[in-house]
Structures are given as C-alpha cells and as structure tokens.
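# Examining the three-dimensional arrangement
What follows is the residue order along each chain.
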Amino acid sequence: MSRFFARSDSESEESSSDDEITDKAPGATFKQSLLLSDDEEDTKRVVRSAKDKRFEELTNLIKTIRNAMKIRDMSKCLEEFEQLCRAFLKSKNIVDKEGIPPFYIRLLADLEDYLNQLWEDKEGKKKMNKNNAKALSTLRQKIRKYNRDFESEIAAYKENPQESADEEEEEKEPEDSGSSSDSEGEVSSKSFLKKKPEAPSEATDRSQTAKESEDKSSSSDEDDDDDDDDGDWSPSDSDSRSETSDKEEENALKRKRLVTFLKVKRSQDTEKPGVRKEERKKKPKQKEQIEEEAEEEGGWEKVNRGVPLVKEKPKMFAKGTEINTAVVVKKLNEILQARGKKGTDRAAQIELFHALAAIAAENNLGQGILVKIKFNIIASLYDYNPNLAAFMKPDMWKKCLDCIDELLDILFEHNNIFIGENIAEDSENLAVSDQPFRVRGCILTLVERMDEEFTKIMQNTDPHSQEYVDNLKDEGRVCGIVDRLLTYMENKGSTEEICRVYLRRIMHTYYKFDYKAHRRSLGLQGETKSEQDQEENKEENKEENKEENKEESEGEDSAVIMDRLCKFIYAKDRTDRIRTCAILCHIYHHALHSRWYQARDLMLMSHLQDNIQHADPPVQILYNRTMVQLGICAFRQGMIKDAHNALLDIQSSGRAKELLGQGLLMRNMQERNAEQEKIEKRRQVPFHMHINLELLECVYLVSAMLLEIPYMAAHEFDARRRMISKQFHHQLRVGERQPLLGPPESMREHVVAASKAMKMGDWRTCHSFIINEKMNSKVWDLFPEIQRVREMLVRKIQEESLRTYLFTYSSVYDSISMATLSEMFELEMPTVHSIISKMIINEELMASLDQPTQTVMMHRTEPTSLQNMALKLAEKLGNLVENNERVSDLKQGIYGGYFNRDQKGGYQQKQSYQRGMLNFTEVVSCFMSMR
C-alpha cells in the first residue's frame, strides 16, 4: 500500500504500525507483550509524590470524621480517629520535613470543642445509646491526651482561625494548578512547582540533559521508522531528511516554550509568598485606618460576613397616609398575623410594636389604642422564648417590667379605660370619643406571667453567684407591681380577680421573717443580732416596696397584712386551690414567727391533712414546707413530741430534699424519664425560699433522742418494744458499727455521741455534744431566738436525763433523795418532784414519795434479768401454742381462722384455751416466786 495516497499522517503511521506488528516473527511475541499498547500510551500515568499520597489519606479520614460528627455517630468518630492517628504516624517523616498540615490542627481543635459541647449537653447524653455514650467518653479522654502534643499549634489556630484557613487555601492552590498541568502536558510541572527554587545553573543543566535525552529518543524513533520504511516502501532520502528536519524544529519549539513556562512559574511562585505576607501586614493597618475614619466621620459601620444586615426601619405607612385609629389597628393586626409563624423575627416584631406605639402617641390617637399596643408588646416579650423551660434574658426582663409599669401608669391616670377578657374585639372602643375606652385584655394575667418568669429566672440562676443577688433585688420591683395591681383591682376588679392578686401578694410575704415586728413584740429596739442577720435585714428592707415601707412606718407589720389578705380569701374565694394555698401560707407565717398555738389550731381546723394527697404537686410541696416549719416551731417552743410527729413523715421517707422542692434525687431512667425530670425542675422552689435541710435533720434527730432514749431505758427487756424513730435507730447502729470511735465531727455524730451519754444519765456530756461551737455555727445560730432555744434544750436534756437515770438505776436503789437528784441534774426541787410524780402516776416507776424526808422509796417490783428472760420465754411459748392450735384446726378441716374466733368450732374455744393459758401462767408465777 502506498503512503502517498490521500490520507493523513496519523492514519498512515497507524497503518504502518499495524503492518509492522503483523510482519513480526513469532518469537518476538513475549517481547511485544512487555511493551505498552497504543491505548495505554494515550492514558498517561500520573506520578504522585509520597507527600500527596499521605496527605490525601489524612484528608479522606478527616472527611469521614466530620460526616460522623454531623450525625453524632460517636463510635464511627472513635474508629476513624484511631485510623487517623495511625496514618499520621506513618507520615511522620514527611511531617518533619514539611511541618504539621493546618487541616490536621483544625480538625483536632474542632473535634475537641465538639466533644466538650456534647459532654456538657446532659439531656443529649441521656438520649444516646450505650455504644455512643461509651465511645463519647473514650474519645473525649483520647483527644484530650492526644492534643497535649499540639497545644501550641491549637492555641495559635484558636487565636486566629481565619489566618490558618487562608494558609490552607494557599497550599491547596499550587496543588490544583499542578494537577491540571499533569493532565494537560506530557511533562509534570507539579514536581517543579513544589520543589524549592534551585540555582539557575542547575536548572539549565537539567534542561540540557532533558533536551539531549529527548533528542536521542526522537532520533532512535526516527531511525526505526526509516528502517521500516526502507524495508517496505523504499522512499527517497531527501524526503525522509526533510521530514526529520521538520520534526526537529517542532520539538525545539516545544522545548523552548516549556522552559520559558517553567521559569515564569518559578518566578511567580517565588514572588507570591513575600507579596502575600506584605498584604497580610497591611490588612490590620488598613482596618485600623478604616475604623478611625468611621469614628471621625460616623458614616462607616462594621459588618459581619454573610448577608448584610438591613438596619433600616421598615416604613409603617406610606407617604400621605392619614393616620387614624382604624389604620393603626389594621397595621397592628398585620403585625400580629406574623406572630408565631416560622421564620418570624421576634425582636423585629417587638420593635415594630414600639414604633407603632410611638406613631400613635405622636398623632394623639388616645390612650385606648396605646393600651392595646402595650398589651401586645408585653405578650410578644413573653413569647420571645418559645420554650417553656427557658427563662427571659435580662434585657427582655427589664423591658417587660418597664412596659407593665407604663401600662399601670396609664390605667391609674385615666379612669375611663375599662379592660377585661370578657370584652369582645367587636365591642372594643379605641377611638377618642365621649364614651369610655374599652380594651380587650387582662392585666392580672400579665402580672401573673411576670411573677412566673421571675421564679424561672431565680430557678435557673446559680444561687452562689453575685448574679443571683442582683436578680433577687428585682423582687422589690415585682412586689411593687403586685401592690399597684392590688390597689387597682380593689377598685375595678371582680372578687375572683382580687383573690388571685391577693394570693400573689401572700406568696411573696409568707416565707419572710419580719425582724421589725419581732423586735416590736419583744419591746427590744436594740436587740443584738449577728452580723449576718443584720445584713439580711438590710437586704430585705431594700427589697420591700414603698407602700410596704409606709405601712410598716405606720405600725402595720406582715402579720396584720397576712391576716387581712387571708381572711378575705377565706370568706370570698370559690376555688379550693386558692383557699388551700392561702391557709398553708398563713400557717407557715404563724409558725415562722413562733405563734405555735395559732398555727396548730388553723392546721387542725382546716383538715388539710385528710385530702392533701388529691392536690396538685405544687400545693403538696407547699403543704410539706408548712408541716416542716410547724415542726421546727414546735421544737422552738419545747413541744418535743409535736415536733417529732410533724417531721416524722418527711424525714422517714429519706426524700426530704425532693418533697420540699429543693432539688432532685438521682434516680434511674425507669423511674423518671427526661420529660418528667423537666417538669419536676419547673416545680423547684427558688434558693432564697429554701429550708435548711441540716437544721431540719438536726431538729428531728434531737427530738427523737429526747423521746427514744428514756423509752429505751424503760423498756430495755420488753420484747414488744417499738421504735419511735427508725432513722434515729439507724444512726445509732451506724455509730455502734464503727471500729474506732473518735471525736464527733458531723452533726449526726454529735447527736449519736449525745445519745450514748444520755443513756448513762450523764447530762453534762450530752449537753456538751449538743451545744458547742460547731453545732452553734451549723444549726442553732440559724434560729431567730438563739438564746431561748439553747436554754430550752439544756432544760429538756436535764429532765430526760433524770428520767433515763431513774429507769436505768432504779433496781440498784432502795431509796434516793430528791435533793441529791436535784444537785446531780441541776434542777429545782419542784421540777424533780413533778417529774417523779408523773412517772409514778403513769406506772413507769414503781416507787412512792416520802414527803417528810423528801425521798423516793423503790418498791422492787421490777423483774430481774432472769425473770425478764422467763417472761420472754413465756411470751414465745404462748405464740407457739397459738400457732399449734391453728395448724391442728387446718388439719381437721376447720377454716375459721382469725375471722371466726368467737364462733363454735374455732381454734380459740374460750374455756379450754383460757384454762391452758392460766395453767401456764401459774407455772411461770411459781417459778418467779421460787426465785
């Protein structure tokens, strides 16, 4: 086939190569198979450096980690992080040369922040499954340990994350350009760009060697082609020389272009880093200049990245619009339509309401429309947090208080404004006319919501911080608003609304101790108190509103206010809940101010203890708080038995903290899920209303000690003895189990040590354990009447120690002088006489009084230890006989049991049973007489 036919050069070359392959000898097939085919030559291999391979492996692992972070798959994160650490170790040689890649530092910092955020989210952790929670804790420990080696790099990244991101982008740019050149050109320019700039002599040497190698290869290819052509076509020499010369010229041009391209790239790359560094240095200076110009001119504004914020206020009305009441109401309804919808900017909505109120005030549209707008402003402030559990931010809280004060000012200044929930929107009168304004809305509901928001703010603030004290100062303002509303409702409100606002005022008063009234009742204006009490008194005085201060200056104390408000509710209220809350608050206030008999009588007359279990949880919490305060009041008055009975239910449950609404106990998820926990947290009482739990437990344990120790001494050998207090016995058992008894440290250890001393009749040691510096600072100094409580405690310890002494050692004495007892226990003779007389009358002590000699004559009727053991044996044998009779009845087929004891055929036939028991008791009595 001639090559001079009308065909392209490429086709001719392909045909010649095909002919060459067909004409080859069969022995050359193995050599041919090692050569590349035409298709393989077309798809060129990309040669990549070790750095690119390692970094690509790291970036792929980082992508998978970030994807796992998005879906919160902690187990996947842990698995990929371990692989990433291993891959980073493999690339250690490259990292030592090139430095730690910024994207690796960025991932470590982001991953640590992400894990810390997840760890703090307790609700999210509870929702995690077991594997994810375990992986989260493991990964958190590993990342914290791993990041210690990169502390400086992570700190630099966190200081300026934007700069590190720019550096990362800069590193990616040359890589991208290199890869594109690899795909386009035959020679890889990527390797040239990534190497350091070399000396020009070396570059020229390399270009020359590249030229020579290319010349050799091209010449060898041409020689092979010429040989083949000579064998097949036998062309002329001149044609072949002209073709080879043309090809040489083309190759030379290509080489020149390539060398110039590489030189330009190198020069550009060498110039770029310096230029960029200068630009970076210039950027902060330019920013400072711009800020200075903005301060001078006032025309520039600093804007964050992203979509520019439009700060222009939207025009409420078009130009030339006549602004009247109807137009403003229409605009108000338009704004209200967006309320609650998704994507609505609540802050912007509040600003629109304020702008609308300003427009209404400018155009003198009357107070009716202004009141309606104020109602909507306050409602939108409450709706700013859509979540019920969330509390208002400080700025929103201040705005809310200001708006309610302004609304009350308008209502007090203009008596012709009538508001109420029963006013329909169609019957509203907002325009200025002879008729009074009628506005739909309820100011009482707004104030109640404000009070609830204040409670939520106090619940969600750390009670040991200064912020809590600052927030607590707002209570004076809240009480002031409630008092103003109370005055308004007394004139214009219904009976039901007055009861509701009275209850709000009561709830802010019942738990506060009135020091002024207390001093006034004692007639001690200069009563000495601790510094802490004085500071608390000052803070409370600051918190009280102006009207309350006026009332106090006139002589009306908190007891009079509580009595007036509660009695109105008792008489007028129709709902059980408000009346119940008022009664409990009234009892609490009486008990707090040591009016024991009034508090006790009110509690007994109300019969609340019969049906309180049907009340809602907040009322039950208030009932528990009232019972605790009643018990503490009884203790202060020396009513030890009443105090113990009042505190028994709360303390025996072991959940005093939870029952009083002062915190939640740790429980399993089966007993209480996350939703129930949220609800219970909302019911918690703010910290400033808490009752001291240590004081409560100490009062209960001391009351139990004063009752239990004499009872234990009197019934030492009684098998039927019952425990008065299980918790007290538990503390005694804990104290007995201790192998080494040191001096008491905690409050419980002090009570246990005092109980052991009282058992022996040693009242002085008992007194030293109950009343000392530690116990004073922890417990007794918290009472308002400290000295009176201490004196009462000493008196009770002396009396009960005397009774315990007589119970324990009566069998030792034949007679004992009352004067001796009076000296031993430092009691007056009449007191000792009355105590012993009561014991004799109640048959607790078998003795008689000899009046002339003032001695107690023991009758020796108490059984000895052997006789006590015989009595126990008799009682056990009696139980055995009874059980035996029951078993025999079952065998005979008589199933009367306990329900048919008096019927015929029952197991307890009176004559035989009583006869048998009489015979048995005769045996025991004979045994005792013989003894």
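Structure's up top.
All of the points below concern the structure found in this document. (Residues numbered from 1 in each chain as written. Predicted model: local features only at pLDDT ≥ 70, side-chain atom pairs only at ≥ 80, totals over all residues. Heavy atoms only, no water.)

With that settled, consider the state of the cysteines. By the definition in use, this model includes zero disulfides. C581 takes part in no disulfide bond, and the closest cysteine sulfur to it belongs to C585, at a distance of 6.4 Å. (Disulfide = S-S within 2.5 Å.)

It is worth spelling out the packing of helix 5 (residues 74–90) against helix 9 (residues 130–146) at this point. Direction vectors running N to C along helix 5 and helix 9 enclose 30 degrees, while the axes themselves pass 8 Å from each other. Accordingly, the angle class assigned to the pair helix 5 and helix 9 is roughly parallel. Regarding helix 5 and helix 9, the two cross each other, and that crossing is left-handed. Here helix 5 contributes M74, S75, C77, L78, F81, E82, C85 and F88 to the contact with helix 9, which in turn contributes N132, A135, L136, T138, L139, K142, I143 and Y146. Its residues assigned to classes, the contact of helix 5 with helix 9 comprises eleven nonpolar, three polar and two charged. (Axes fitted to C-alpha atoms, helices over the stretch in contact; angles between N-to-C directions. Helix = DSSP H or I, 4+ residues; strand = E, 2+ residues; numbered from the N terminus. Parallel < 35°, antiparallel > 145°, perpendicular 65-115°, else oblique. Left-handed = near helix turned anticlockwise from the far one by under 90°. Contact = heavy atoms within 4.5 Å. Nonpolar A, V, L, I, M, F, W, Y, C, P; charged D, E, K, R; others polar.)

Let's shift gears to the nonpolar core. Counting residues in each nonpolar core, the largest one holds 157 residues, and the members touching the most others are I443, V702, M705, I770 and W780. In terms of residues, this core owes the most to one element, helix 34 (residues 693–714), which gives 13 residues. Filtering out sequence-adjacent residues up to four positions away, W780 remains in contact with F635, C698, V702, I770, I771, M775, I786, V789 and L793. Residues L84, M128, I143 and Y157 belong to the second largest nonpolar core, which totals 36 residues. (Core = buried A, V, L, I, M, F, W, Y, C linked by side-chain atoms within 4.5 Å. Buried < 20%, exposed > 50% of the residue type's maximum accessible area, 1.4 Å probe, protein only.)

As a further point, take the pairing of strand 2 (residues 437–440). Residues F437 and V439 line the buried face of strand 2, whereas the alternating positions R438 and R440 sit on a face that is not buried. Relative to strand 2, strand 1 (residues 417–420) runs parallel, the two sharing four bridges. Paired with F418 across the two strands is R438, which belongs to strand 2. (Pairing = 2+ DSSP bridges.)

Here the focus is the side chain of S725. With respect to the helices and strands, S725 occurs in the loop between helix 34 and helix 35 (726–737). Within the local environment of S725, its side chain forms a polar contact with the side chain of Y700, the two groups lying 2.8 Å apart. (Polar contact = N/O pair within 3.5 Å; in protein donor to acceptor, adjacent residues only side chain to side chain.)

Compared with the 22 Å implied by 1.5 Å per residue over 16 residues, the 23 Å span of helix 17 (residues 367–382) between its first and last C-alpha is a close match. For helix 17, the tally of buried residues reaches 15 of 16 residues, placing the bulk of the element in the interior. (Expected span 1.5 Å × (residues − 1).)

Purely geometric numbers; function is a separate question.
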